[in-house]
Amino acid sequence: MRVWVLTLYSHDSIKMYEFESKEEALRESSKLSGYKVLTEVIYFTDFEEADVMQERELSFAGR
């Protein structure tokens, strides 16, 4: 499962919006003012199910 998260930094708050497609996120982003960050979130289980990453290829910082 993949989702797109739009984080909006305004003068006094931080808001996050979740979208199912990049196009939808970009469309809504153009309506908002402030500093914005668009992030694609890919759930780790998707890699396991698709066999995209083998276990030996995984590494984590600080280990």
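Bear in mind that the values here come from a model prediction, so they are computed numbers and not experimental data.

**Student:** Could you give an account of the pattern of salt bridges, with specific residues and numbers?
**Tutor:** Considering all chains together, one arrives at two salt bridges under this definition. Among the ionic pairs, Glu-28 bridges to Lys-31, the shortest N-O distance being 3.2 Å.

**Student:** Could you give an account of the side chain of Thr-7, with specific residues and numbers?
**Tutor:** Structurally, the position occupied by Thr-7 is in strand β1 (residues 2-9). Setting aside residues up to four positions removed in sequence, Thr-7 forms contacts with Ile-14, Lys-15, Met-16, Tyr-35, Lys-36 and Val-37.

**Student:** Outline the environment of Phe-19, supporting the account with residue identities and numerical values.
**Tutor:** Take Phe-19: it is sitting in strand β2 (residues 14-19). Taking the relative accessible area as the measure of exposure, Phe-19 reaches 9% and is therefore buried. Spatially, the C-alpha atoms of Phe-19 and Trp-4 are 5.0 Å apart, while their sequence positions differ by 15 residues.

**Student:** Quick rundown of the sheet that holds strand β3 (residues 35-42)? Include the residues and the values.
**Tutor:** Across the sheet, which stays open at both edges, the three strands sit in the order β2-β1-β3 with antiparallel pairing between neighbours. The outermost strands of the open sheet, each flanked by one partner alone, are β2 and β3. Averaged over neighbouring strand pairs, the angle between their axes works out to 20° when direction is ignored. With eight bridges connecting them, β1 and β3 associate as antiparallel partners. Counterpart to Leu-8 in the pairing with β3 is Lys-36.

**Student:** Outline the packing of aromatic side chains, supporting the account with residue identities and numerical values.
**Tutor:** On inspection of all chains with the given rule, the structure shows one aromatic pair. Considering the side-chain rings of Tyr-9 and Tyr-35, the 5.9 Å spacing of their centres and the 45° angle between planes classify their relative orientation as tilted. Taken together, the positions of Tyr-9 in strand β1 and Tyr-35 in strand β3 put the pair 26 residues apart, joining distant regions of the chain. On the accessibility criterion, Tyr-9 (35% relative accessible area) is partly exposed.

So, how was this worked out
Residues numbered from 1 in each chain as written. Predicted model: local features only at pLDDT ≥ 70, side-chain atom pairs only at ≥ 80, totals over all residues. Heavy atoms only, no water. Salt bridge = Lys/Arg side-chain N within 4 Å of Asp/Glu carboxyl O. Helix = DSSP H or I, 4+ residues; strand = E, 2+ residues; numbered from the N terminus. Contact = heavy atoms within 4.5 Å. Buried < 20%, exposed > 50% of the residue type's maximum accessible area, 1.4 Å probe, protein only. Pairing = 2+ DSSP bridges. Axes fitted to C-alpha atoms, helices over the stretch in contact; angles between N-to-C directions. Phe/Tyr/Trp six-rings, centres within 6.5 Å; stacked < 30°, edge-to-face > 60°.

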